[in-house]
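As a plain string of letters, each chain reads:
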Amino acid sequence: MEKIRVSKLLSERGLCSRREADAYIEQGLVTVDGEIVQELGTRAFRHQTIELRSGAKRQQEQRLTVLLNKPVGYISHLDDEEQYKPAASLIVPENQFMGAPHQTERSQFRGLAPAGRLDIDSSGLLVLTQDGRIAKLLIGEDSPIEKEYLVRVSGKLSDAGLRSLQHGLSLDGKALKPAKVSWQNEDQLRFVLREGRKRQIRRMCELVDLNVVGLKRIRIGQITLGSLPSGQWRILGKQERF
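Notes on the structure follow. (Residues numbered from 1 in each chain as written. Predicted model: local features only at pLDDT ≥ 70, side-chain atom pairs only at ≥ 80, totals over all residues. Heavy atoms only, no water.)

**Describing the environment of L207**
For step 1, the next point in the chain: Relative to the helices and strands, L207 resides in helix α6 (residues 200-207).
For step 2, the next point in the chain: What makes L207 partly exposed here is its relative accessible area of 46%.
For step 3, the next point in the chain: For L207 and S170, which are 37 residues apart along the polypeptide, the C-alpha to C-alpha distance reads 9.3 Å.
For step 4, the next point in the chain: Not counting residues up to four positions away in its chain, the partners in contact with L207 are L169, S170 and L171. (Helix = DSSP H or I, 4+ residues; strand = E, 2+ residues; numbered from the N terminus. Buried < 20%, exposed > 50% of the residue type's maximum accessible area, 1.4 Å probe, protein only. Contact = heavy atoms within 4.5 Å.)

**Notes on the pattern of salt bridges**
For step 1, the next point in the chain: Tallied over the full model, the rule gives 15 salt bridges.
For step 2, the next point in the chain: A salt bridge links D119 to R202, with the nearest nitrogen and oxygen atoms 3.2 Å apart. In this pair, D119 sits in the loop between β9 (113-114) and β10 (123-129) while R202 sits in helix α6, placing the two residues 83 residues apart along the sequence.
For step 3, the next point in the chain: Looking at R202, the relative accessible area reads 10%, which means it is buried. (Salt bridge = Lys/Arg side-chain N within 4 Å of Asp/Glu carboxyl O.)

**A short note on the sheet that holds strand β2 (residues 30-32)**
For step 1, the next point in the chain: Ordered in space as β3-β2-β5, the 3 strands form an open sheet in which the pairing is antiparallel. Looking at strand neighbours, the two that pair on one side only are β3 (35-36) and β5 (50-52), the edges of this open sheet.
For step 2, the next point in the chain: Relative to β3, β2 is paired through 2 bridges, and the arrangement is antiparallel. Its bridge partner lying in β3, T31 is registered against I36. (Pairing = 2+ DSSP bridges.)

**Things to note about unusual backbone geometry**
For step 1, the next point in the chain: Here the phi dihedral of R199 falls at roughly 50°; this positive angle occurs in a residue that is not glycine.
For step 2, the next point in the chain: The partly exposed category is assigned to R199, whose relative accessible area is 36%.
For step 3, the next point in the chain: You will see that D209, though not glycine, has its phi angle at about 65°, which is positive.
For step 4, the next point in the chain: Note that D209 resides in the loop between α6 and β16 (211-220).

**Some remarks on the pairing of β16**
For step 1, the next point in the chain: The sheet contact formed by β10 and β16 spans 2 bridges and is parallel. Paired with S123 across the bridge in β16 is K216.
For step 2, the next point in the chain: In the sheet, β16 pairs with strand β17 (residues 223-224) via 2 bridges, with the strands oriented antiparallel. Bridging across to β17, I220 finds its partner in I223.

**Quick notes on the nonpolar core**
For step 1, the next point in the chain: Counting residues in hydrophobic clusters, the biggest one holds 35 residues, and the most contacted among them are L165 and F191.
For step 2, the next point in the chain: Contributions of two or more residues to this core are made by β6 (65-70), β10, β11 (147-154), α5 (159-166), β15 (188-193), α6, β16 and β18 (233-235).
For step 3, the next point in the chain: By size, the runner-up hydrophobic cluster in this structure holds 16 residues, among which are L10, L29, I50 and A56. (Core = buried A, V, L, I, M, F, W, Y, C linked by side-chain atoms within 4.5 Å.)

**Overview of α5**
For step 1, the next point in the chain: Along α5, the residues classified as buried are G161, L162 and L165. Taken end-on, α5 shows its buried residues confined to a sector of 100°, consistent with a single buried face. When the buried face of α5 is taken as reference, the exposed residues oriented beyond 90 degrees from it are D159 and R163.
For step 2, the next point in the chain: Buried positions along α5 lie against β14 (180-185), β15 and α6. (Arc of directions from axis to C-beta.)

Set out below in structure tokens:
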């Protein structure tokens, strides 16, 4: 049986990200079978008990996760084309939703990163987080979290085309996972996905001769967009879970 890096095992178990694991190891906040890990790169067997000490858990409790209603015209990630504004630029005090608890220390928002993409032409719920556990849960390859979208379309969709959207399409030579797709009204479809390929819904619609006129994400897991206005944000509550 092969030993694996402790940081990788922590990430696989959803306890933190690999980067966070390395930081905790450096601080002496990780144990293997009750013994404190002393060095980066330490390896362990999968059956061993690997835990975070209380100091690491306190740090995790202080990490913020923000829910933003992203408008059209903003990119989700800073590594996109530079001429467009990043969604993170909206996380300023004047845009905080008045119906939610407030956070006044601007320095506490450093390190927020999008957990998933929402392209420049799409709007709706975008999660930005400092917490590697949430990022892994939402964007990991085997993420169990559903994402729900309302998609306004033009063109004619046959019954066979609808069935193809639900299951049977491939992108980039790889079959898509089954999706829940149904008519919301006469020109709007409801998509529920468990994956997030680049511009996936738009490309799926193209394959069945539909044109996407508007796309809005309204739910991620158990968290809904609700009454959060466009361009505003709120902090994920401590009792809220995806």
